[in-house]
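Structure assessment
Chain by chain, the residues run as shown.
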Amino acid sequence: ITVQNQNRQYGSLEAYSRDQQPAAITMSVSFVVSDPSAVYEQYGDLDGAIRRLVDPRAMAEMKTIFGQYDAARAIQERAALNDDIGRAVTAAVMAG
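Figured I'd write up the structure that's included with this text. No experiment lies behind these values; they were computed from the predicted model shown. Think of each chain on its own: its residues are numbered from 1, step by step along the sequence as written. Since the coordinates come from a predicted model, pLDDT governs what is reported: local features require at least 70, and pairs of side-chain atoms require 80 or more to be given and counted, while whole-chain, interface and lining totals use all residues. With hydrogens and water set aside, each side-chain value is computed from the structure's full complement of heavy atoms.

1. Re the packing of helix α1 (residues 36–43) against helix α2 (residues 46–66)
Running from N to C, α1 and α2 cross one another at 75 degrees; their axes reach a closest spacing of 9 Å. Between α1 and α2, the crossing angle belongs to the class labelled roughly perpendicular. Of the residues in α2, those touching α1 at Val39, Gln42 and Tyr43 are Gly48, Ala49, Arg52 and Leu53. Note on residue categories: nonpolar means Ala, Val, Leu, Ile, Met, Phe, Trp, Tyr, Cys or Pro, charged means Asp, Glu, Lys or Arg, and polar means any other residue, Gly included. Its residues assigned to classes, the contact of α1 with α2 shows four nonpolar, two polar and one charged. Angles here are taken between N-to-C directions and fall from 0 to 180 degrees, while the axes themselves are lines fitted to C-alpha atoms, restricted in helices to the stretch in contact. Secondary structure follows DSSP: runs of H or I at least 4 residues long count as helices, runs of E at least 2 residues long count as strands, and numbering of each begins at the N terminus. Angle categories are assigned with fixed cut-offs, so that under 35 degrees is roughly parallel, over 145 is roughly antiparallel, 65 to 115 is roughly perpendicular, and the rest are oblique. Any two residues having at least one pair of non-hydrogen atoms within 4.5 Å are treated as being in contact.

Structure follows, in structure tokens:
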């Protein structure tokens, strides 16, 4: 299992804003495996960790955080939205 920087791309994720506006969101998640032996024990390999840990949490947290913003605010405060999603995804993945 590599300990180099990894990047996972997600395209056209469907989500709804707080005011029920649909959106197709493109997102990328960058990460580094800090404990390869734990990843191997729990997931078998990096692909297993991505499929079972990173993917579901990244998508769920993106939808949750995006749903807290109305459409206009998501556009006007894009940097804050990105930061909020980043923190939520990081916390969810670290919680394992």
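Moving on from the coordinates now.
2. Brief notes about the pairing of strand β2 (residues 22–31)
In regular strands, side chains alternate between the two faces of the sheet. When DSSP locates at least two bridges between a pair of strands, those strands are taken to pair. Relative to β2, strand β1 (residues 6–16) runs antiparallel, the two being bridged by nine bridges. Within β2, the residue paired with Asn7 across the bridge is Ser30. What sits between β1 and β2 in their antiparallel hairpin is a turn of five residues, with Gln20 showing a positive phi close to 65 degrees.

3. Topic: the packing of α2 against helix α4 (residues 78–95)
Two elements in contact, α2 and α4, have axes whose closest approach is 9 Å; the angle formed by their N-to-C orientations is 140 degrees. As judged from the angle between their axes, α2 and α4 are oblique. The interaxial crossing formed by α2 with α4 has right-handed handedness. Seen from α2, the contacting residues are Leu53, Val54, Arg57, Ala58, Glu61, Met62, Ile65 and Phe66; seen from α4, they are Leu81, Asp84, Ile85, Ala88, Val89, Ala92 and Val93. Class assignment for the residues of the contact of α2 with α4 results in twelve nonpolar, no polar and three charged. Each crossing gets its handedness from the near helix: less than a right angle anticlockwise from the far helix is left-handed, clockwise is right-handed.

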